[in-house]
Amino acid sequence: MLLWVSVLVLAPVSGQFAPAPKPVISLHPPWTIVFKGEAVTLTCHVSHFLAVENKKWYQWYLGREIIREIPGNTLQVRDSGEYRCQTQGSPLSDGVSLTFSSAKLILQAPPSVFEGDSVTLMCRAKVEKVDTAWKTRTLYKDDNVLMDLGENSSFHIEHARLKDNGEYHCTESVTYCCSVSSNTIKIQVQELFPRPVLRANPSLATPGNPVILTCETQLSPQKSDVQLWFRFFRDGQSLGSGSKSFLKISIPSVMGSEDPPYYWCEAWASIPGVYKQSQKFQIPVQIPVSRPVLTLSTPGARAVEGDLLTLSCGAKTGSYPIVYQFLREEVVLRKMKATFGGTVTFHISLTAEHSGTYSCTAGNSLGVQRSQPVSLSVTVPVSRPVLTLSTPEARAVEGHRVTLHCQARRGSPRILYQFYHGDVPLGSSSATSAGGASFSVTLTAEHSGTYSCTADNGFGPQRSDTKSLFVTVPASCPVLTLRTPGIRAVVGDMVELRCEAQSGSPPILYRFYHKKVTLWSSSSPSGGGVSFNLSLTAEHSGNYACEADNGLGAQRSESLTLSVTVPASRPVLTLRTPGAQAFPGDVVELRCEAQSGSPPILYRFYHEDVTLGSSSAPSGGGVSFNLSLTTEHSGNYSCEANNGLGAQRSEAVPLSISGLTGSRSGPIASGVAGGLLGMVGLAVLAQLLYCRLPRRAGGRPTSDPSRSPSDLDPQEPTYYNVPGWMELQPVYSNVNPKGGDVVYSEVRMIQEGNRHAVASNSALRLLRTYLPSYGPATSQQRLCRPQGSSVIYSQVKVASLPASAAPRS
């Protein structure tokens, strides 16, 4: 039997002519690999029609070159390569590759293998000389031992199947020597014929009319000598069988809801085990459509806006294709064509406008049928409501009445509206028609916040956007506080004035007032109070107040009185003496006064650093202190002023107390000296007269026997009257030397035992006048002679000062 090389050829078994097939090359022996030196005969097979019509000249190719053109269709070759053949009017054949091998061992196989073929594999060794060695051969498939051939050279496959696909090679082993491996060949089992396809003619049948069924398949050109057999089936029942690939049948009528029957065919070869079946299919039969049925289905019991409505329309019987139409109120919604199946569906996302009456139609070439109408009512859930807030004025003020209105633009009644402040329900209202619902509330500060409302008609509440409401609270009467660093407000301190309204919506504008003058203003954008710092001066004493204003009327605080304590300034000390000079016994006035400072002020007087005395000025101003001078009072004087904020000390003022030497300067001192001299003269004259009287009586001074000698002690003070014309009023001071009204004079007394020279000597002993002092003056002159001293102090009170004796500056 010839083995053919695989070639694609169209040769339908139905008897129809196909394009000119390619020539096919066969091999003898049927191997594609042989030993070098051997020969292979190639035969070029052409179709019977080409062989009759054309001359029998054959062209042979090796590669792309023509190597022979001969009248016969056979060619013996010994060279490796790819061979092709061609005759006049035919296409070029597929190539056949031959290998002439010089290997020691080769594995030979046919060039092509088909289903059911009997295949022989030949493992051959090249014989070079007589070899008596024991040899064994082994056949491998996909590198696994398939069979131990022993000394045999062939392996036989009775009926080739797909499981026989693979790569094969063989080995030859010599005992106690070596092993040789052959070439590898690949076996690929090809289909003898493809799966058949059942076709009906005509494709659209009418019950009772004949239809021809054809079971189409095609043998491989290399297996054109194989006989195929065919069998036809309807719903599992055999309609006929034989070598013909077609069958003429009659289509039965389809009644009621019956489905058309299924048809299929089988093809098998005379080779055992090669059997194939076509797919089952239904032959379309022209049947009028029955009245369709329309169904409307929604996810829930009610049709709700937003739901997906499914419309299904189906006719139980009818030939395909069937054209369906969906209608609402005679308006076509959708047109659909069905080529198989019993029902078509259509989906709608429901809106309120989809309420109405629905129907569908089904039709084919034999007529149109309409379904019963179905009514649909679409319930519309409430839309998201809109909340509006209405106030009497542009701003919502505490005490005003605000109206909240909630309205859903869409939704099937009845709708329940609920109002919320934050998440706290305020109230609810039901609306049976469009227009919404309202709710009113009188505003307090606590009503500031966010508001919302919900609308619900049984499909779940819908919440509005939140609305913010800011309730403006008028500023309350503010509280003014003054904070000072210490207990008292002192000049130079930084006082903090804080104004705060306990309630009131920000921003709040604060104003500070001193008496009726605006000091400062500031705004508090976030509420609370504001502070203002003031560096105190004496002028800042007085009443303070503040105002708070957030645009709804200014509120004024109660007034606070602030008394600014002024520290005492450095005082000034003045000394006032009776005359230009200060003498012991004078009364000097020390006056201390601070030009500024809050009362009461405590003054202290110091001689050097010794406290002389103190005095308080409860209403301010200065104080005076009188001091009767002694010789120890010479030195520096000062004073302090203290009102509790630290003592301030004056500059030191020196005071010098004059002794009994020296003379007064100026005309006043001369006048006083003259007056004293006159008085001394009178006194001396009186004493001389007194002394002369005893001498005239008895030649010695008259004396009182009862008088003791001590009565004549010249140190005993003697008082004299001073004539009125001698009254003088000199005024002296360390500050103003023109003040004072007393003059002291110092007079030296005569020596003991020289009584007769008293008048003359006393007049000559007048020395000088000392500083005056304040104090009481009398009209008498008292001459005192302290023990151990020869000085007599004379005090004269001056009633009036003649113009000729006025002091000079």
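For the structure given in this document, a descriptive report is provided here.

Once that is clear, we can look at unusual backbone geometry. In this chain, His28 is followed by Pro29 through a cis amide linkage whose omega measures 0°. Its place among the elements puts Pro29 in the loop between strand 1 (24-28) and strand 2 (33-35). Cis geometry is found at the peptide bond from Asn201 to Pro202, where omega equals 0°. With respect to the helices, strands and loops of the structure, Pro202 is situated in the loop between strand 19 (197-201) and strand 20 (210-216). Of note, Asp235 is a non-glycine position whose phi angle comes to about 50°, a positive value. Among the structural elements, Asp235 can be located in the loop between strand 21 (228-234) and strand 22 (237-242). Phi is positive for Glu608, close to 55°, though the residue is something other than glycine.

Another aspect to go through is the sheet that holds strand 61 (residues 623-628). Pairing within the open sheet is antiparallel, and its three strands lie in the order 57-58-61. The two strands at the open ends of the sheet, each matched to only one other strand, are strand 57 (572-576) and strand 61. With strand direction ignored, the average angle separating the axes of adjacent strands in the sheet is 20°. In the sheet, strand 58 (residues 587-593) pairs with strand 61 via six bridges, with the strands oriented antiparallel. Residue pairing for strand 61: Arg591 is matched across the bridge by Ser624.

Moving on to the environment of Trp229. Its place among the elements puts Trp229 in strand 21. Each C-alpha atom, one on Trp229 and one on Ser241, is 7.4 Å from the other, the two residues being 12 residues apart in sequence. With near-sequence residues (within four places) excluded, Trp229 lies in contact with Gly242, Ser243, Glu266, Ala267 and Trp268.

Position of Tyr176 among the secondary structure elements: in the loop between strand 15 (166-174) and strand 16 (179-181). Separated by 42 residues in sequence, Tyr176 and Trp134 have C-alpha atoms that sit 9.4 Å apart.

To continue, consider the state of the cysteines. With the rule as written, the count across this model stands at seven disulfides. In this model Cys44 forms its disulfide with Cys85; the gap between the sulfur atoms is 2.1 Å. Taking the torsion about the S-S bond as the criterion, the Cys44 to Cys85 disulfide, at about 75°, is right-handed. Of the two residues, Cys44 is situated in strand 3 (residues 40-45) and Cys85 in strand 7 (residues 81-87); the sequence distance between them amounts to 41 residues. Sulfur-sulfur distance for the disulfide between Cys406 and Cys453 comes to 2.0 Å. Between Cys406 and Cys453 the sulfur-sulfur dihedral comes to about 75°; the bridge is accordingly right-handed. On the criterion of sequence distance, the pair formed by Cys406 in strand 39 (residues 401-407) and Cys453 in strand 43 (residues 449-456) is long-range, its members being 47 residues apart. Just as Cys406 is buried, Cys453 falls in that class too. For the unlinked cysteine Cys477, the closest cysteine sulfur is that of Cys546, found at 8.1 Å.

On to the pairing of strand 15, then. The pairing of strand 12 (residues 135-141) with strand 15 spans seven bridges and is classified as antiparallel. Counterpart to Lys141 in the pairing with strand 15 is Tyr168. Relative to strand 17 (residues 185-187), strand 15 runs antiparallel, the two being bridged by three bridges. Along strand 17, the bridge assignment pairs Gly166 with Ile187. Bridge count between strand 15 and strand 16: three bridges; the pairing is antiparallel. Across the sheet, the residue bridging to Thr171 is Ser181, located in strand 16. The hairpin formed by strand 15 and strand 16 contains four residues between the paired strands, and Tyr176 there has a positive phi angle of roughly 55°.

What counts, and at which threshold
- The numbers attached to residues start from 1 for each chain and follow its sequence in the written order.
- Given that the model is predicted, a residue must reach a pLDDT of at least 70 before its local features are reported, and side-chain atom pairs must reach 80 or more before they are shown or counted; all residues, however, enter totals for whole chains, interfaces and linings.
- Side-chain calculation: all heavy atoms of the structure are included, whereas hydrogens and water are not.
- Starting at the N terminus, helices and strands are each numbered in turn, a helix being any DSSP run of H or I of at least four residues and a strand any DSSP run of E of at least two.
- Here the rule is simple: two strands pair whenever DSSP picks up at least two bridges between them.
- Interaxial angles span 0 to 180 degrees and are taken between N-to-C directions of axes, which are lines fitted to C-alpha atoms, for helices over the stretch in contact.
- Only heavy atoms matter for contacts: two residues are in contact if any of them lie within 4.5 Å across the pair.
- Any two cysteine sulfur atoms within 2.5 Å of one another count as a disulfide.
- Throughout this description, buried means an accessible area under 20% of the type-specific maximum (1.4 Å probe, protein chains only), exposed means over 50%, and partly exposed covers the range between.

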